[in-house]
Amino acid sequence: MRRKIVAGNWKMNNDLSETEALLNDLIAHVPETDVNVMVAPTFVNLFQAFNMLKGHNIEVIAQNMHQEAKGAYTGEISANMLKSVGVHTVILGHSERRAYFGETDELLAKKVDAALANDLQIVFCFGEELEDRKSENHFNVVESQLKNALFHLAVADWKNIILAYEPVWAIGTGETASPKQAQEMHAFIRKTISEKFGSDTATELSILYGGSVKPANATEIFAKEDVDGGLIGGAALKAADFTAIINAF
Ligand code: PEP
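Here the residue numbers are simple positions, counted from 1 along each chain's written sequence. In view of the model being predicted, local features appear only for residues whose pLDDT reaches at least 70, and side-chain atom pairs are presented and counted only at 80 or more, with totals across whole chains, interfaces and linings using the full set of residues. The basis for every side-chain value is the complete set of heavy atoms in the structure, and neither hydrogens nor water enter the calculation.

Draft legend 1. Spatial organisation of the packing of aromatic side chains. Classification of ring pairs uses Phe, Tyr and Trp, with its six-membered ring standing for Trp, and accepts pairs whose centres are within 6.5 Å; under 30 degrees between planes counts as stacked, over 60 as edge-to-face, and the remaining range as tilted. Inspection of every chain in the model, using the stated rule, returns seven aromatic pairs. Taking the centre distance of 6.3 Å and the plane angle of 45 degrees together, the rings of phenylalanine 126 and tyrosine 165 count as tilted. Highlighted residues: phenylalanine 126 in strand S5 (residues 121-126) and tyrosine 165 in strand S6 (residues 161-165), separated in sequence by 39 residues. Three exposure classes are used, based on accessible area relative to the maximum for each residue type with a 1.4 Å probe and protein chains only: buried under 20%, partly exposed in between, and exposed over 50%. With relative accessibility at 0%, the residue tyrosine 165 sits in the buried group. Taken together, the aromatic side chains of Phe124, Phe126, Tyr165 and Tyr209 make up a single cluster linked through ring pairs. Secondary structure is summarised from DSSP: a helix means a run of H or I of at least four residues, a strand means a run of E of at least two, and numbering begins at the N terminus for each.

What follows is the structure, encoded as C-alpha cells:
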C-alpha cells in the first residue's frame, strides 16, 4: 500500500519564534492519522524543529541541499549536515529552485544521487510552466524532467523517492489544477515510471500534487485515484488550514 503524505513547504517564512509557535500549534492540532505529515522549515530552524517534534507524528524535512559532501561552497548545506540534525527527507527540484537559482535537471540528478547515497528520502518536485500547458506540451515536459533527473536510478532507489507534481502555473497563484487535470497527469506519471521501472515500483510510489491546495479544494483532489497527497505551500503556514488539509483525507 502506498503512503498518503501531506507535506508543508514553509519556504523562506518564519523566524525562530514563529517556527516554534507554528510547531506548537501543529502539535496541538494535527490528529493521530495514517497520513504521513511532514513540515519543511528553513535550514536554521531545522534542529529546533527536530527537537520539538520528537515523539510526535510530524516529520521535519529540509527544503533543499547541496550535491557535494563538503568543502568550499559558501552558504550551502550537505546531506550529512541535514542528517546530523535529525533530518531524513529532503525536497529537491522545487520550481522556485529551478527558476530563481538555476537548478537544472542535470544538477538535480546529482543532488538526487547525493541524497540517496546518504540514505535520505527525497520529495522530488517537477511540473510544467503555463506556456507548456497552453501549447499542450505538458506531458512531454514532465516526462523529460523525470527522465533527465531520475531515469538513471535503480529500481531499489525508488523506495526512497516521493514525487510531487507541481504545475508551475498553480504554485502560489491561487489557481489550482482541476482534480481531473491532476488525475490525468498523475496517471501519466505512474505509467511513465511503470514502463521504465516496473509496475511494482509505480504502484508503491506516492505521487503528491502541489499548487494552491487549500482546505476548500483538498478533498476533491485527494479523492483522485493516483493522487497520494499534497505538497502545500501557503496553506501550510496556518496550523488550522494545514490540519484541515490533512483531515481532507
Ligand atoms: C509549493 O510551493 O510547493 C506550493 C505548492 O505552494 P502553494 O501551495 O502556495 O501553491
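Let's pick the thread back up.
Draft legend 2. Up close: the site of the ligand. Inspection of the region around the ligand gives 14 residues, with Lys11, His94, Glu166, Gly172 and Ser212 positioned closest. At a separation of 2.7 Å, an oxygen atom of the ligand approaches a polar side-chain atom of glutamate 166. In this structure, an oxygen atom belonging to the ligand sits 2.7 Å away from a main-chain N or O atom of serine 212. Surface accessibility in these figures is a Shrake-Rupley result with a 1.4 Å probe; residues are shielded only by whichever protein chains are displayed. Protein chains bury 95% of the 290 Å² of accessible surface belonging to the ligand in isolation. Each residue is tested against the molecule or strand, and it is near if at least one of its non-hydrogen atoms lies within 4 Å. Polar contacts, as used here, are pairs of N or O atoms within 3.5 Å; protein pairs need one atom able to donate a hydrogen and one able to accept it. Residues neighboring in sequence count only if both atoms are side-chain atoms.

Draft legend 3. Looking closely at the environment of leucine 208. Its place among the elements puts leucine 208 in strand S7 (residues 207-210). It is 15 Å that separates the C-alpha atoms of leucine 208 and threonine 192, two residues lying 16 residues apart in sequence. The criterion used for residue contact is that any of the two residues' heavy atoms lie within 4.5 Å. Excluding residues that lie within four positions of it along the chain, leucine 208 makes contacts with Ile5, Ile162, Leu163, Ala164, Tyr165, His186, Asp228, Gly229, Gly230 and Leu231.

Draft legend 4. Here's a closer look at the layout of surface pockets. In this structure, the largest pocket encloses a volume near 400 Å³. Taken together, 13 residues form the lining of the largest pocket, with Lys11, Met12, Gln63, Arg97 and Phe101 sitting closest to its centre. No other element matches the three residues that helix H4 (residues 95-100) contributes to the lining of the largest pocket. Note on residue classes: Ala, Val, Leu, Ile, Met, Phe, Trp, Tyr, Cys and Pro are nonpolar, Asp, Glu, Lys and Arg are charged, and everything else, Gly too, is polar. Grouping the amino acids of the lining of the largest pocket by side-chain chemistry returns five nonpolar, five polar and three charged. Here a cavity is any set of points on a 1 Å grid over the protein atoms alone where a 1.4 Å probe fits but cannot get out, and a pocket is any open set with protein on both sides within 12 Å along at least 5 of 7 lines; a residue lines the site when it has an atom within 4 Å of a point. Grid points are joined across faces, edges and corners, and a volume is the space filled by probe spheres set on the points.

Draft legend 5. A look at the nonpolar core. Within the largest apolar cluster, 67 residues are counted, with the highest numbers of intra-cluster contacts made by Leu26, Phe124, Leu163, Ile189 and Ile193. The biggest single contributor to this core is helix H8 (residues 179-197), with six residues. Ignoring any residue separated from it by four or fewer positions in sequence, one finds isoleucine 193 in contact with Leu146, Phe151, Trp158, Leu163, Gly198, Thr201, Ala202 and Leu205. The criterion is simple. A nonpolar core is a set of buried Ala, Val, Leu, Ile, Met, Phe, Trp, Tyr and Cys residues joined through side-chain atoms within 4.5 Å. Among the nonpolar cores identified, the runner-up in size contains 12 residues, and Ala40, Ile91, Val123 and Ala164 belong to it.

Draft legend 6. Region of interest: the packing of helix H10 (residues 215-222) against helix H11 (residues 239-247). Axes here mean lines fitted to C-alpha atoms, for a helix over just the part in contact, with angles spanning 0 to 180 degrees between N-to-C directions. It is the contact of H10 with H11, at a shortest axis distance of 8 Å, that shows an interaxial angle of 20 degrees. Between H10 and H11, the interaxial angle falls into the category roughly parallel. For the pair H10 and H11, the crossing hand works out as right-handed. Across the interface between the two elements, Pro215, Ala218 and Phe222 from H10 touch Asp241, Ala244 and Ile245 from H11. In the contact of H10 with H11, the residues fall into five nonpolar, no polar and one charged. What sets the label is the angle itself: under 35 degrees gives roughly parallel, over 145 gives roughly antiparallel, 65 to 115 gives roughly perpendicular, and the rest give oblique. Crossing chirality is assigned from the near helix's rotation relative to the far helix, an anticlockwise turn below a right angle marking it left-handed and a clockwise turn marking it right-handed.

Draft legend 7. The arrangement of unusual backbone geometry in detail. Phi is positive for lysine 11, which is not a glycine, with a value near 55 degrees. Phi at glutamate 136 takes a positive value of approximately 55 degrees, unusual for a residue other than glycine. Within the secondary structure, glutamate 136 sits in the loop between helix H6 (130-134) and helix H7 (138-150). With relative accessibility at 66%, the residue glutamate 136 sits in the exposed group.

Draft legend 8. Here's a closer look at the sheet that holds S7. Taken in spatial order, the eight strands of this open sheet run S3-S2-S1-S8-S7-S6-S5-S4, and their pairing is parallel. Every other strand in the sheet has two partners, leaving strand S3 (58-60) and strand S4 (89-92) as the edge strands with one partner each. On average, each strand axis in the sheet is tilted by 25 degrees relative to the strand beside it, whichever way the strands run. DSSP calls a pair of strands paired once it identifies at least 2 bridges connecting them. Strand direction decides the pairing type here: strand S2 (residues 36-40) and S3, joined by three bridges, are parallel. Within S3, the residue paired with methionine 38 across the bridge is glutamate 59. Strands strand S1 (5-9), S2 and strand S8 (229-232) of the sheet are contacted by H11, whose axis makes an angle of about 160 degrees with S1.

Draft legend 9. Expanded view of helix H5 (residues 105-117). For H5, spanning 13 residues, the distance from its first C-alpha to its last is 18 Å, which sits close to the expected 18 Å at 1.5 Å a residue. Burial in H5 covers these residues: Asp105, Leu108, Ala109, Lys111, Val112, Ala114, Ala115 and Leu116. Check the buried side of H5 and you find it contacts helix H3 (79-84), S4, H4, S5, H7 and S6. Aspartate 119 lies just past H5 and shows a positive phi near 60 degrees. One less than the residue count of a helix, multiplied by 1.5 Å, gives the span that helix is expected to have.

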